[in-house]
Amino acid sequence: MKKYGLLATFVCAPVLFACSDNSHVDTAKADLDHTVSEGSGSSTQTQHARVEKHVDTGIASGVDYHSFANPNEVRVTHLSLNLTANFETKQLVGDVTLDVERAKPGNNTLVLDTRALNIQSVSVEGESVPFEMGQTDPDLGTPLTITLPSAASSVTVAYSTSPEASGVQWLTPAQTAGKQHPFLFTQAQAVHARSFIPLQDSPQVRVTYDATIKTPEALLAVMSASNDPTTERDGEYEFTMPQPIPSYLIALAIGDLEFKAMGKRTGVYAEPALLESAAKEFEDTEAMLEVTEETYGPYQWDRYDLLILPPSFPFGGMENPRLSFITPTVIAGDKSLVSLIAHELAHSWSGNTVTNATWRDLWLNEGFTTYLTYRIMEMIYGHDRFKKEAVLGYQDLENDVAALEQNDEILAIDLRGRNPDDVFSNIPYEKGALFLREIEQKIGRENFDAFLMQYFKDFAFKSITTDTFIAYLNDTLIQQYPDKLDANRIHAWIFEPGIPEGAPQPESDAFTKIDDTRNAWLSGDVKAADIETAQWTVHEWLYFLNNMPDSLTKAQLSELDSAFSLTSTKNNEIAHSWLMIAVENNYQPAFDRLYSYLVSIGRNKLVKPLYRELSKTPEGKAFAKRAFEEAKPGYHPLTVKANEGYVN
Ligand code: BES
Ligand code: ZN
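1. Remarks on the pattern of salt bridges
Taken as a whole, this structure holds 27 salt bridges when the rule is applied. In this structure, D475 engages R50 in a salt bridge whose closest nitrogen and oxygen atoms are separated by 3.6 Å. In this pair, D475 sits in helix 9 (residues 466–475) while R50 sits in the loop between helix 1 (12–19) and strand 1 (74–86), placing the two residues 425 residues apart along the sequence. Overall, the relative accessible area of 40% leaves D475 in the partly exposed class. Exposure remark for R50: the relative accessible area of 23% places this residue in the partly exposed category. Among the salt bridges present, the one from E389 reaches R385, with a minimum N-O distance of 3.0 Å. In this pair, E389 and R385 both sit in helix 6 (residues 383–403), four residues apart, roughly one turn of the helix. Note on accessibility: E389 and R385 belong to one class, buried. Residues participating in the shared-partner salt-bridge network are R375, E378, E440, R445 and D449.

2. Focus: the pairing of strand 14 (residues 252–255)
Every second residue of strand 14 is oriented toward a common face, with L252 and I254 on one face and A253 and G255 on the other, all of them buried. Sheet analysis places strand 10 (residues 183–186) next to strand 14, joined by two bridges and oriented antiparallel. The partner of L184 across the bridge, within strand 14, is I254. Direction of pairing for strand 12 (residues 220–223) relative to strand 14: antiparallel, over a ladder of four bridges.

3. Quick look at helix 4 (residues 339–346)
Along helix 4, seven of the eight residues are buried, which leaves the element largely enclosed by surrounding structure. Regarding helix 4, the residues found buried are L340, I341, A342, H343, E344, L345 and A346. If you follow the buried residues of helix 4, they end up packed against helix 3 (285–296), strand 17 (304–308), strand 18 (317–318), strand 19 (323–326), helix 5 (362–381) and helix 7 (427–443).

4. Section: the domain arrangement of the protein
Annotation of the protein at the domain level lists domain 1 (65–253), domain 2 (257–353), domain 3 (358–443 + 476–495) and domain 4 (510–647). Each of domain 1 and domain 4 has a C-alpha centre, and these two points are 40 Å apart. Taken together, the nine residues of domain 1 in the interface contact six residues of domain 4. Together, the buried faces of domain 1 and domain 4 total about 530 Å²; carbon and sulfur atoms form 53% of this surface. Looking only at domain 1, the three residues that lose the most surface to domain 4 are S166, Q169 and Q175, adding up to 56% of its buried area. In this structure, the connection of domain 1 to domain 4 is made through zero salt bridges. Put simply, domain 1 and domain 4 have three residue pairs in polar contact (both at pLDDT 80 or more) between them. Top element by residues in the side of domain 1 that touches domain 4 is strand 9 (residues 168–171). It accounts for three residues.

5. Remarks on the packing of aromatic side chains
Scanning the model with the defined rule gives 39 aromatic pairs in all. Ring centres 5.7 Å apart and planes at 80 degrees place the aromatic pair W363 and F469 in the edge-to-face group. On the criterion of sequence distance, the pair formed by W363 in helix 5 and F469 in helix 9 is long-range, its members being 106 residues apart. A residue is classified by how much of its surface remains accessible, and F469, at 1% relative accessible area, is buried. Relative to F564, the ring of F544 lies with its centre 6.4 Å away and its plane at 90 degrees, an arrangement referred to as edge-to-face. Here F544, found in helix 13 (residues 538–546), pairs with F564, found in helix 14 (residues 554–564); they are 20 residues apart in sequence, far enough to count as distant. Across the pair, F564 and F544 agree in class, each one buried.

6. Re the environment of S615
With respect to the helices and strands, S615 occurs in the loop between helix 17 (604–614) and helix 18 (618–631). Between the alpha carbons of S615 and F461 there is a distance of 44 Å; along the sequence they are 154 residues apart. Excluding its chain neighbours within four sequence positions, the residues that come into contact with S615 are K621 and Y646. Separated by 2.7 Å, the side chain of S615 and the backbone oxygen of R612 make a polar contact.

7. What to know about the site of ligand 1
By nearness alone, 16 residues border ligand 1, and Q189, G316, E319, E344 and Y429 come closest of all. In this structure, G316 approaches ligand 1 through a main-chain N or O atom, which is 2.5 Å from an oxygen atom. In the complex, 88% of the free accessible area of ligand 1, which totals 530 Å², lies under the protein chains. When contributions to the shell around ligand 1 are tallied by element, the ones reaching two or more residues are strand 18 and helix 4. When residues of the shell around ligand 1 are assigned to their parent elements, the largest contribution, three residues, is made by helix 4. Split into classes, the residues belonging to the shell around ligand 1 amount to five nonpolar, six polar and five charged.

8. Some remarks on a negative patch on the surface
A grouping of E217, E232, D234, E236 and E238 is seen on the molecular surface, where their side chains present a negatively charged patch. Relative to the helices and strands, D234 resides in the loop between strand 12 and strand 13 (236–246).

9. With respect to the confidence of the model for the protein
Overall, the predicted model of the protein reaches an average pLDDT of 93, with 92% of residues at or above 70. In this model, residues 1–23 is a region of pLDDT below 50 whose contacts with residues beyond four sequence positions or in other chains number 45 contacts.

Rules behind the numbers
Residues numbered from 1 in each chain as written. Chains lettered and ligands numbered in written order. Predicted model: local features only at pLDDT ≥ 70, side-chain atom pairs only at ≥ 80, totals over all residues. Heavy atoms only, no water. Salt bridge = Lys/Arg side-chain N within 4 Å of Asp/Glu carboxyl O. Helix = DSSP H or I, 4+ residues; strand = E, 2+ residues; numbered from the N terminus. Buried < 20%, exposed > 50% of the residue type's maximum accessible area, 1.4 Å probe, protein only. Pairing = 2+ DSSP bridges. Contact = heavy atoms within 4.5 Å. Domains from an automatic or database assignment. Buried area = accessible area lost by both parts, 1.4 Å probe. Polar contact = N/O pair within 3.5 Å; in protein donor to acceptor, adjacent residues only side chain to side chain. Phe/Tyr/Trp six-rings, centres within 6.5 Å; stacked < 30°, edge-to-face > 60°. Near = heavy atom within 4 Å. Areas by Shrake-Rupley, 256 points an atom, 1.4 Å probe, with all protein chains shown as cover. Nonpolar A, V, L, I, M, F, W, Y, C, P; charged D, E, K, R; others polar. Patch = residues over 30% accessible without salt bridge, like charges linked within 9 Å, V, L, I, M, F, W, Y side chains within 5 Å. Lys, Arg positive; Asp, Glu negative; His and termini not counted. Charge placed at Lys NZ, Arg CZ, Asp CG, Glu CD. pLDDT = per-residue confidence, 0-100.

Here is the structure:
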C-alpha cells in the first residue's frame, strides 16, 4: 500500500471543503445575512429584526472539520455491509459496498474516512481499482482515496478492523452479566464509525444501509436497523435501515441477548440476567413514545427498542435509531433514572430525524433533545418531577459555566483542531434546552410545540447547521412574534458564553424544603437520624448531597453515612454524589466502595469526575492509579482515553 499525504494534515481539509458547494447540507441558508453588524450588547441600539452573525470567526458554516471525506464531489448514499465477528482475534472481517453519486460527471475521486483499518482491496465489480492511504491524524484517522472508473456507481472495500478500534469494544465472558459468552458493541459518535467501516464519516452524509453479520452460533446480533425479535439464533443475521442516517448512528452489538416486549412497538434486548428487571424499569417507554408523537409528530422509525449493554458502556445512552443503547447503571429499581430513556427516545426526532450537520452544531441534537426530555418527563411523571429534574440540570449547567473556558460555553462551539470527544460538557445539553425553554415561555407552549412539530417535518432526514436553524427562526418565529422575541438576545444565546441574564431559572418547592433540612442539619439543629427521608426520591437525595458545602468534618460524614447508609446505596447516581463528597473530604470509610465503583462501572460521566478529584492529591492519585490499572482491561477505549491523564 502506498502511503503519501493526500491531505497533508487535516487543517488542509477545510480549505478544500470551503471551495466546494455545500448545497447538500443546508436548504434554508440562502437568505442568511452574513454581514457584520454592531456588537449586540448596547442598550441604545435598535432591535434587530433578524438574528445575524456579528463577528467573522473564519469558521465556514457546514464545513465538517472532522472528516476527510469529499461528499460535495462524490457522495456515498448506501452501504452494504458484510462482516464476520471474530472474537478470537477481536476483529470484524469482511467488506462493504458503497453506492456513490457524483455531483458532476468526471468526479471520480472518492475520499473515505478510516481509522486503524486494514484495507485488503478496493474493487468495482470484482476488478481492483487504485486506492491510496493518506497521512494519519491522531484524532481523525487516515483518508482513503479511491479512483473510481468513470462508469462505476458503487465500490467494494474488503477490510478488517484492528483489535484496538476506537469505536468497538470486545468484552470477555467475565466482563458480561452471564459470564458465559463474549460481547461486542460499537459506539460511533462522534468520529468512530470510521474505525469499523471505511465510509464518509460526517453527519452531513446520510446513507441507507443493509448488513449481513456473522457471529458465533450461540450469539445474537442487533443493529441500529430493522431487528426481528423472533429471529432464529443461527449465527447469521440480516438487517436493513431504509431511512437515510448519518454514519454516527450506525451501530452493532453481539452477545447472549434475549428480547422481551414492553409494548406494541417497544421492547428490550438484554442478557438474560437483566431482561426482566430492565423491562420493568423501562415499562413506560411505550407511553413516552406515544406522548412524544402527539406533541411533536409521528415517530418515523417503525419499532423503538432498547439494548442494555454491559456496565463498561462509556455513555448513559446512545440514540442508535430503532435501538437505543443503554447503560445498565440506570436500572435502579424505582424508575428514578428513566429520563435517560426519554432522552434517547427524543433523539428519534431531534438528532436522528433532524441531524446536526457538523459537530459544532451538536447543540441542535442535544439541546433540543434535552428540552424534549424535560417535556416528556413532565407529561409522563408530572410537574413536580419535571421541576426537580430541571433544577438539577440547571445546577449541572451552572457548575460547568463556573469551570469551563468561555469559548467552551458557546452553543455554536468552535471545534477546529479539537477532538469532539475532548469537549463533552453540559453546555450543548442544558444551555441549549434553557434557550428553547425561554422561547417557549415567551411565545407560549402551544405555539412553540407547533413550531417544533413543523421544524421536525420541514427538516426531516436532513442534516442542518446552526445557521440554517437561525435562518429558519428568522423566517418563522421572529416574523410571527416580533414583540416577543429579540433577535439580539437569540444571537447571544447561540454565540456568546455564559447564561444570558434573565434566563428562565428552574425552581422546585420540594427542593426548598431540602435546603431547609440541609441547613438545619449543618447548623446542628437536627440530627441526621431525625430527618424524615421516607418520602425522598433520588432527586431529593441528589439535591441534598450535591449542595453540601465544600468541606465537611469526619464526624458529619460519619453521621450522614450511619443514618443513611450512603456508602452502600444501590443507586449509582446517589453513590456518585456521595463518593464525590467522600473524595473531596478524604472520608476513608467510603474508599472500598469507591474502588469497586471505579472498577465495575465504565460510564464516563460517573467515573471521570471521581478520577479528576482523586488526582488532586498524591494519595488520591495513587489510589486512582491502582483502581484504573485494575479497571483498564474492562474499560472502553473512550473511558481509558478520558481518564488516563488523571492517573499518570
Ligand atoms: N448522543 C449522546 C451521547 C454522545 C454525545 C456520544 C456526544 C458521543 C458524543 C447521548 O444521547 C447522550 O446524550 N447521552 C447522555 C444522556 C444523558 C444526557 C441523559 C449520557 O450518556 O450521559
Ligand atoms: Zn443525547
